[in-house]
Amino acid sequence: MFEISSKILDYFGISSDFSVIVVVLVFFVYGLFALTFASLFAGITSWYERRIAGRMQSRIGPNRVGYQGFWQWLADGLKCWFKEDIIPKDTDSVLFRIAPYFVFTGVLSTFVVIPFSPTIVGSDMNVGLVYIIAITALVVAGILMAGWASNSKWTLLGGIRSAAQMISYEIPVALSLIVVIIPAGTLSLQKIIQMQGGAPYNWFIFHNPGTFAAFFIYFTSALAEGNRTPFDLPEAESELVAGYNTEYSGMRFLFFLFAEWMNLYVIGAIATAVFLGGWRIPGIAYEVQAASLWLQFVGFIIFLIKALLLVNVIIWLRWTLPRLRIDQLMIMCYKYLIPLSVIMILLSVFFTVIYYSLPFLSLAVRIVLFILSLIVAGYFGYRVYFNIKYFPDKTYLRWMI
Amino acid sequence: MTLEERLNLVKRENEILLNMGPQHPSTHGVIRFIVRADGEIMVEALPVVGYLHRGIEKLAEQTPYTGFIPYTDRVDYLAAMFANHAYVMGVEKLLGIEVPKRAEYLRVIACELNRIASHLIALGSMAMDIGAFTPFLHGIRERELINDITEMLCGARLTYNYMRVGGVSKDIDDRIIKKINDFLDRFLPGFIDEFNRLITNNEILVKRCVNIATVSADEAINFGLVGPNLRASGVKWDLRKNMPYSVYPELKFEVPVGEGFRGEVGDSYDRFVVRVKEMEESARILKQAVSQLPEGEILAKVPKRIKPPKGEVYSAVESARGELGYYIISDGTENPYRVKIRTGSFSAMKAIHIKSQGCFIADLVVLIASMDIVAPEIDR
């Protein structure tokens, strides 16, 4: 945003006395843009997720408000806004009131470093990834606060579960990101994207076997950190009623859900930026893209498509898989994901060093990994075909109900 | 005196007393568990029953014999046909009535449809308690077709009141038979396979259920477990085979027992798989029963006023939740002197109490679901 501010200053010839005002204004506008984007995304995803769930469960899902029920998210938001804000007796009312905003802020703050295009980014920090890992700790604080302040045993159990889970899973998230930082040599998200190519085999996910595995480790751990199924223990509705947000109602309750759906985009966006080439367009050099506004827009769309595909996968997982138990969750983190990501770091170091002396090996490994993932995608397609073919009832296969 | 004192609950240090229920998403109705937990690990879960007690057994004493049939539907709303069947069988035994063959076949068809519907709910809600929502709704979808069939058969979708003393209330026609055949065609290879792919063989579900709350064969007999819960422990006991009633001897079917499909014999996963296999067997029974259906009367000659002679009788059927017994004492008047209902869910409560000791809170949910508890059946 500093670049844009300086361009505006130059364009209008504003003297340096007022430059602070302009910079603050630009950042304010960008903040509003990020908030609007995140809120719209959370709202529309809430509708989209319920529609997908409906299709998967042979039912219709919300389809009354607007075309195919598209405005359902707005209706739900309004409903929650008008509901009574109940604060139960004997709660720690201050903590109870502010806890949702901690969660909300924790997720929204990551939008500072999440890029949309080569120049449209809140702040291209040189420690961007560290910032993301650090700021999401606010979410843990908020959830623990909500669980404790509600003064209920179920919410306390939910809060403590989530604290244990989220803090544990931050380790594999950070370690799997390090795997990419080694070949990239930087922590800045924009620089990491810049170093990848537009074509799929130039992405960091195919850089070497280490990063390939690291992508899946990151994706799994990010799901767990974001409390999504199969790791949604903090709000396991069949065990803990509703977990840490049992006692909440109205707008405060909505803020938790807001944060959860915004977090979907954050998971998808970080994975896109770090592993999947971000906003790079195949065949177009970085300098050309950064100079043209149209190409930046195309890059934004490409970024969005990649992120939304990952969000889609998360939604599929949520409506397919059961939930793990708390000890199985911890075993998976400490016994499998952390040692595995450490091994991947070593692999990544090994390959990065080898590529310096054997550049042709780099291309070969990339193409092999790319073909491997195509085979996996092909198998997925075959399973979808298989399931459709052998299911007796074809009425649920219509595009829209 | 508080309830905790009355129940002699001694709370130790580091323990929390959690009140699970009467309203809780996974107690499957209005049951209460007092959970003593040390963090996530439970010391014990004490069931407190009685929140749904409606005095159905007492109602029988003021109701004529035929008038009590609708009440039996309310004992177990998910498997009401079996309650009908057990009760009218008892009254028929008292009266010494021979039921026409066609009526017996219709009873078997209705009961086996009901067994599939009940198991679909049991399996679906167990999957839902473990966190998978989709299998439950797939189960509900198939059950909807069964509900349609029973609606055509007897006009009701849940509390059927289908059976009469001496037969059944309505005859079956070709339309219904076609509908049953359509359902079976879709159910037996198609749905069961999809269900197994979706949830039964899901590795997370297996991990959650295997070796959880293992009930050995001896323990199961001592707890008084019946039905799928008993068979999952490896005891081959099915009233349809061991104490044959109705026309079950004429039908060919297997009795699936727990074999320790992934872990020990009698764990929660065995109880899950045994129910899936029982649905398959029920579908096979239905196929035979529909094809062998004889012609004839559907109601025997029964006196207008039912006044059984003095005496007592115990009649039991293999319900979806195991042995469902009606003990009826007649004193020669129009009302029964006493009716005692023996249900499977009630004896499962003790098993839950003992088996919950030392497992996780998340496992308690699995245990309750795997025992297939239906709250009104516990309290009557």
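The shown structure was predicted, so the numbers you read here are calculated from the model rather than taken from an experiment.

Thresholds applied
Residues numbered from 1 in each chain as written. Chains lettered and ligands numbered in written order. Predicted model: local features only at pLDDT ≥ 70, side-chain atom pairs only at ≥ 80, totals over all residues. Helix = DSSP H or I, 4+ residues; strand = E, 2+ residues; numbered from the N terminus. Rg over C-alpha atoms; globule rule 2.2 N^0.38 Å. Buried ≥ 20, exposed ≤ 12 C-beta atoms within 10 Å, placed from the backbone. Contact = placed C-beta atoms within 7 Å. Core = buried A, V, L, I, M, F, W, Y, C linked by C-beta atoms within 7 Å. Domains from an automatic or database assignment. Nonpolar A, V, L, I, M, F, W, Y, C, P; charged D, E, K, R; others polar. Axes fitted to C-alpha atoms, helices over the stretch in contact; angles between N-to-C directions. Parallel < 35°, antiparallel > 145°, perpendicular 65-115°, else oblique. Expected span 1.5 Å × (residues − 1). Pairing = 2+ DSSP bridges. Left-handed = near helix turned anticlockwise from the far one by under 90°. pLDDT = per-residue confidence, 0-100.

Caption draft 1: Summary view of the overall build of chain A. Helices and strands together make up the secondary structure of chain A, namely 15 helices and zero strands. In terms of overall dimensions, chain A is globule-like: its C-alpha atoms have a radius of gyration of 22 Å, near the 21 Å expected for 401 residues. Counting only C-alpha atoms and orienting by the principal axes, one finds that chain A spans roughly 65 × 65 × 45 Å. Taken over 401 residues, chain A has a buried fraction of 42%.

Caption draft 2: Fine view of the overall build of chain B. When you go through chain B residue by residue, the secondary structure sums to 15 helices and eight strands. Expected size for 380 residues packed as a compact globule is a radius of gyration near 21 Å; at 21 Å, chain B falls within 12% of this value. Taken along its principal axes, the extent of the C-alpha atoms in chain B is 70 × 50 × 35 Å. Counting all 380 residues of chain B, 51% fall into the buried class. At a minimum sequence separation of 6, the contacts of chain B that also span at least 24 residues come to 70%.

Caption draft 3: Looking closely at the nonpolar core. The biggest cluster of nonpolar side chains holds 201 residues, and the ones touching the most others in it are Val103(A) and Met262(A). Looking at this core element by element, the count peaks at 18 residues for helix α5 (residues 101-130) of chain B. Built from parts of two domains, this core gets at least three residues from each of domain 1 (1-82) and domain 2 (87-357) of chain A. In contact with Met262(A), not counting residues within four places along its chain, are Ala38(A), Phe41(A), Ala42(A), Val107(A) and Leu108(A).

Caption draft 4: Inspection of the domain arrangement of chain A at higher detail. All names here are of chain A. We note that the domain assignment places domain 1 (1-82), domain 2 (87-357) and domain 3 (360-401) within chain A. Between the C-alpha centres of domain 2 and domain 3 there is a distance of 25 Å. Opposite the nine residues of domain 2 that make contact, domain 3 presents seven residues. Mapped by element, the contributors of at least two residues to the side of domain 2 that touches domain 3 are α9 (209-225) and α14 (326-357). Of the residues belonging to the side of domain 2 that touches domain 3, the class tally is seven nonpolar, two polar and no charged.

Caption draft 5: Region of the structure containing the packing of α5(B) against helix α14 (residues 361-370) of chain B. Residue and element names in this part refer to chain B. One way to put it is that α5 packs onto α14 with a least axis distance of 9 Å and a crossing angle of 175°. On the basis of the axis angle, α5 is roughly antiparallel to α14. Residues Ser 125, Met 126, Asp 129 and Ile 130 of α5 lie in contact with α14, whose contacting residues are Val 365, Val 366, Ala 369 and Ser 370. Across the contact of α5 with α14, the residue classes tally to five nonpolar, two polar and one charged.

Caption draft 6: Looking closely at the interface of chain B and chain A. Across the contact, 29 residues belong to chain B and 25 residues belong to chain A. Elements with a contribution of two residues or more to the side of chain B that touches chain A: β1 (16-20), α5, α6 (134-154), α7 (174-200), α8 (203-209) and α14 of chain B. Here the side of chain B that touches chain A is composed, by residue class, of 15 nonpolar, seven polar and seven charged.

Caption draft 7: Seen up close, the environment of Glu377(B). Tracing the chain through its elements places Glu377(B) in helix α15 (residues 375-379). Excluding anything up to four places from it in sequence, Glu377(B) contacts Val75(B), Asp76(B), Arg321(B), Thr343(B) and Ser345(B).

Caption draft 8: Representation of helix α4 (residues 80-95) of chain B. All names here are of chain B. Between the first and last C-alpha of α4 there are 23 Å, a value that for 16 residues agrees with the 22 Å anticipated at 1.5 Å per step. Among the 16 residues that make up α4, 14 are buried, leaving the element largely enclosed by the rest of the structure. The positive-phi residue at the C-terminal boundary of α4 is Gly 96, with phi of around 75°.

Caption draft 9: Representation of the sheet that holds strand β3 (residues 41-48) of chain B in the model. All names here are of chain B. Pairing within the open sheet is antiparallel, and its three strands lie in the order β1-β2-β3. The sheet is open, and its two borders are formed by β1 and β3, each paired with just one other strand. Averaged over all pairs of adjacent strands, the angle between their axes in this sheet comes to 20°, without regard to strand direction. Across seven bridges, the pairing between strand β2 (residues 32-38) and β3 is antiparallel. Pairing of Phe 33 across the sheet is with Pro 47, part of β3.

Caption draft 10: Spotlight on the sheet that holds strand β6 (residues 311-319) of chain B. Residues and elements named next belong to chain B. Across the sheet, which stays open at both edges, the three strands sit in the order β6-β7-β8 with antiparallel pairing between neighbours. Whereas interior strands pair on both sides, the edge strands pair on one side only; in this sheet they are β6 and β8 (336-342). Averaged over all neighbouring strand pairs, the angle between strand axes comes to 15°, with direction disregarded. As paired strands, strand β7 (residues 322-330) and β8 are joined by six bridges and run antiparallel to one another. Among the inter-strand pairings, Ile 328 is bridged to a residue of β8, identified as Val 339.

Caption draft 11: Fine view of the pairing of β6(B). As paired elements, β6(B) and β7(B) share nine bridges and run antiparallel to each other. Within β7(B), the position partnered with Glu318(B) by the bridge is Glu323(B).

Caption draft 12: Summary view of unusual backbone geometry. Residue and element names in this part refer to chain A. The residue Gln 68 is not glycine, and still its phi comes out positive at about 55°. Structurally, Gln 68 is set in the loop between α2 (19-56) and α3 (72-82). Look at Gln 68 and you get partly exposed, because 16 C-beta atoms sit within 10 Å. Of note, the phi angle at Asp 90 is positive, near 65°, even though the residue is not glycine. Mapped onto the secondary structure, Asp 90 falls in the loop between α3 and α4 (93-108).

Caption draft 13: Highlighting α5(B). Residues and elements named next belong to chain B. Taking 1.5 Å of rise per residue, the 30 residues of α5 would be expected to cover 44 Å, and the 44 Å separating its terminal C-alpha atoms lies within 8% of that figure. Most of α5 is tucked away: 29 of the 30 residues are buried. Count one or two residues on from α5 and you reach Gly 131, which has phi positive near 120°.

Caption draft 14: Highlighting the packing of helix α11 (residues 250-275) of chain A against helix α13 (residues 293-318) of chain A. Residue and element names in this part refer to chain A. The geometry of α11 relative to α13 is characterised by a closest axis approach of 8 Å and an angle of 125° between their N-to-C directions. By the angle between their directions, the pair α11 and α13 is classed as oblique. Judged by the twist between their axes, the crossing of α11 over α13 is right-handed. Counted together, Leu 264, Tyr 265, Ile 267, Gly 268, Ala 269, Ala 271 and Thr 272 of α11 and Phe 303, Lys 306, Ala 307, Leu 308, Leu 310, Val 311 and Ile 314 of α13 form the full contact between these two elements.

Caption draft 15: Just the confidence of the model for chain B, in detail. In the predicted model, chain B carries a mean pLDDT of 85, and the fraction of residues at 70 or more is 97%. Complex prediction metrics read pTM 0.86 and ipTM 0.81.

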